[in-house]
Amino acid sequence: MEIEIQLTDRAIAETILPPGQPGAVGAWLEFRGVVRSEENGRTIRALEYEAYPEMAGREIRRLLQKISARHPCRAAKVIHRVGVIPAGETAIYVGVASPHRGEAIALLAEFMDRLKQDVPIWKRRAIADGARLCAEHQPQRPSNVQAAAAGSATTAALRSLDEARAEIRSRSRPLPAVRASLAEALGRVLRETICAPEDLPPVDRSTRDGYAIHADDASKTFSVVDTIHAADWKPRQLKTGEAVRVATGAALPCGALRVVMQEHIERDGDKLRVVRRENSTNVRLRGEEVRQGQPLVPAGTKLNAGALAILATVGNVNPLVSPRLRILHFTTGNEIVTPDQTPKPGQIRDSNSILIRGLLQNFPCDVEQGHLPENFEAAMLEIAARKPGIENADVLLVSGGASVGEKDFTRALLEQLGFEIVFSQINLRPGRPLIFGVNGPRVAFGLPGNPLSHFVCFHFAVAAALACLTGGEPPEFLRGQLGKKLDDKPCPRETLWPARWEWNAATPRLRPLAWASSGDITCLTAANALVRVPANCASLDDGAKVDFLPVAAMIGGG
Ligand code: AMP
Ligand code: MG
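Residues numbered from 1 in each chain as written. Chains lettered and ligands numbered in written order. Predicted model: local features only at pLDDT ≥ 70, side-chain atom pairs only at ≥ 80, totals over all residues. Heavy atoms only, no water.

Student: Describe the packing of aromatic side chains, naming the residues involved and giving the relevant values.
Tutor: This model, assessed by the stated rule, comprises six aromatic pairs. Residues Phe376 and Phe409 carry aromatic rings whose centres are separated by 6.2 Å and whose planes lie at 80 degrees to one another, so their mutual orientation is edge-to-face. Taken as a pair, Phe376 in helix H7 (residues 376-385) and Phe409 in the loop between strand S25 (395-399) and helix H8 (410-416) lie far apart in primary sequence, 33 residues in all. Residue class for Phe376 comes out partly exposed when judged on its relative accessible area of 24%. Clustering of aromatic rings is evident, with ring pairs tying together Phe423, Phe436 and Phe445. Positioned above the aromatic ring of Phe363 is the side chain of Lys302, whose terminal nitrogen or guanidinium carbon lies 4.4 Å from the ring centre. (Phe/Tyr/Trp six-rings, centres within 6.5 Å; stacked < 30°, edge-to-face > 60°. Helix = DSSP H or I, 4+ residues; strand = E, 2+ residues; numbered from the N terminus. Buried < 20%, exposed > 50% of the residue type's maximum accessible area, 1.4 Å probe, protein only. Lys NZ or Arg CZ within 6 Å of the ring centre and 35° of its normal.)

Structure follows, in structure tokens:
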């Protein structure tokens, strides 16, 4: 598909020409997202959008290519305006050309749904009616936009959930692929597309125990001229009136045969009589599953048992896959004691270590866990003493100390270890003090110590980074419906609300679970989803449409 992407700080033209020659496509679909003069009940004058232009361009292209694999279109043009965009003006223009309208509509709909989640372009602020569009609010010059791309302007601001996810996505790059045996490859991300090295099945095979005859042989009686077992290879031609005894799975001796089930014949020595004729030929034809050279398992697939069985079928025993991740996880806080201890007043048992260890089960990785003393220098010494060292870890996770109290040193620690802090707060509940840092190919998270925040941050942030590091796709929000009213006080932050996804309805039904605070994990036995509750939303009715992130799903245990 021909793709054109522009990020601009100028107004988007009123008329945009479709690509290619007139008449070459059947549909040219255009969409304009226009800034509304109202947001959350107040009148606004403009919205300010910010972007990492190179990454945004790359992600938009990637997204369009991915969606066009399902909805093939001829061309797409995306123009996104950044900087200050006055109400009434176009923030985004998308044009899609395709042979028929169906593909274009499907591609556009999916692209617009995914854009917010996947692309590092975010709404920085709404400028209230009456506010001056002062210098700070003027459209950013491309050079400023580039500075943001370098990361320098990114650390201070409070990130929205979408912004944070887009940044995690674009800053967590796939680690170099390795070759692994099939026994080692479960759960790894395939980094090459595996194509069929030959037709599957490679020859016509019988699906029954019975007798192979010519497909159009109308004889009443046959002579049995040979026997072919499943492991035999006996090519030969058959004459009219000849039959070959075949076992299930046996390679048929030549083309254009059918197999009469043994239940449908009467045999007398070398002679047989067909007593019933079926429509089915009882033959698995050569290449009917897949033709030589056709893709079997696409790159980017997280290899499950079924995919590994396909690789085994075609003899691909050393696929190119993501490496096992090396993860270092530290708890912090002098109040933390191990779960087998009885906490003295003021102390608390460590539940985050086992939580993280369990959640990491979904990712092939080697996990080292430890505890850091609540003293910066002592903590640095502890990290330095750790083997394998910090320099060999792909991911560093620190539980607690991510906030701004005087003992909260996670940010300083990560900086001291050479991590660039991409953001340090999210406008989210639970989980506001979440730090994300990068150091070359390595990523680090400072997770808020409260266990429910931990659970939430792991799923929307850490899991996304781990997926990207392996070259896979981060888990996406899905659309569902509440199966029970969600009652709450309005919160200025967006909330990821623990819920139970009920599997017995056509549309996913989400039952919100009770939680008292970000330290309350009593709902986690039942939680298998996080429902996205918009900021300032007091309650959502039973039946309300919601976005949700499936989490911690276990077959059988859900
Ligand atoms: P912090 O993020 O360090 O301010 O910690 C916030 C809350 O989380 C405090 O009540 C801590 O005691 C608690 N907390 C920190 N680490 C853990 C842990 N590993 N397990 C359980 N609770 C923790
Ligand atoms: Mg602490």
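Once the structure has been displayed, the description carries forward.
Student: Describe unusual backbone geometry, with residues and values.
Tutor: At the junction of Leu200 and Pro201, the peptide bond is cis and its omega measures out at -10 degrees in the coordinates. Inspection of the secondary structure puts Pro201 in the loop between strand S10 (194-195) and strand S11 (205-206). Look at the link from Arg429 to Pro430: it is a cis peptide, with omega at -10 degrees. For Pro430, the location among the structural elements is in the loop between strand S27 (428-429) and strand S28 (435-439).

Student: Describe the environment of Phe363, listing the residues and the values that go with them.
Tutor: Note that Phe363 resides in the loop between helix H6 (352-359) and strand S24 (365-372). Note: C-alpha distance between Phe363 and Ser206 (157 residues apart in sequence) is 41 Å. When near neighbours in sequence (up to four residues on either side) are disregarded, Phe363 contacts Lys302, Phe458, Ala463, Leu466 and Ala467. (Contact = heavy atoms within 4.5 Å.)

Student: Tell me about the domain arrangement of the protein, residues and numbers included.
Tutor: The domain boundaries assigned to the protein delineate domain 1 (2-128), domain 2 (161-171 + 324-468), domain 3 (178-195 + 293-321), domain 4 (205-284) and domain 5 (478-556). A straight line from the C-alpha centre of domain 1 to that of domain 4 covers 61 Å. (Domains from an automatic or database assignment.)

Student: Before we move on, can you summarise the site of ligand 1 with the specific residues and values?
Tutor: Neighbouring residues of ligand 1: 14 residues in total, closest Glu335, Asp350, Asn352, Gly401 and Gly449. Asn352 places a side-chain nitrogen or oxygen 3.3 Å from a nitrogen atom of ligand 1. With respect to ligand 1, the backbone of Gly449 contributes an N or O atom lying 2.8 Å from an oxygen atom. When ligand 1 is considered free in solution it has 490 Å² of accessible area, and contact with the protein chains removes 80% of it. Residues of the shell around ligand 1, tallied by class, amount to four nonpolar, seven polar and three charged. (Near = heavy atom within 4 Å. Polar contact = N/O pair within 3.5 Å; in protein donor to acceptor, adjacent residues only side chain to side chain. Areas by Shrake-Rupley, 256 points an atom, 1.4 Å probe, with all protein chains shown as cover. Nonpolar A, V, L, I, M, F, W, Y, C, P; charged D, E, K, R; others polar.)

Student: Now, about the packing of helix H1 (residues 53-70) against helix H4 (residues 161-171): what can you tell me, with residues and values included?
Tutor: Their axes nearest at 11 Å, the elements H1 and H4 cross at an angle of 90 degrees. With respect to H4, the element H1 is oriented roughly perpendicular. Of H4, the residues touching H1 (which contributes Met55, Arg58, Glu59 and Arg62) are Arg169, Ser170 and Arg171. (Axes fitted to C-alpha atoms, helices over the stretch in contact; angles between N-to-C directions. Parallel < 35°, antiparallel > 145°, perpendicular 65-115°, else oblique.)

Student: Explain helix H9 (residues 451-469) to me, and be specific about the residues and the numbers.
Tutor: Helix geometry: H9 is bent most strongly at Phe458, by close to 50 degrees. The buried fraction of H9 amounts to 19 of the 19 residues, a majority that puts the element mostly inside the structure. (Bend = angle between axes of the 7 residues up to and from the residue.)

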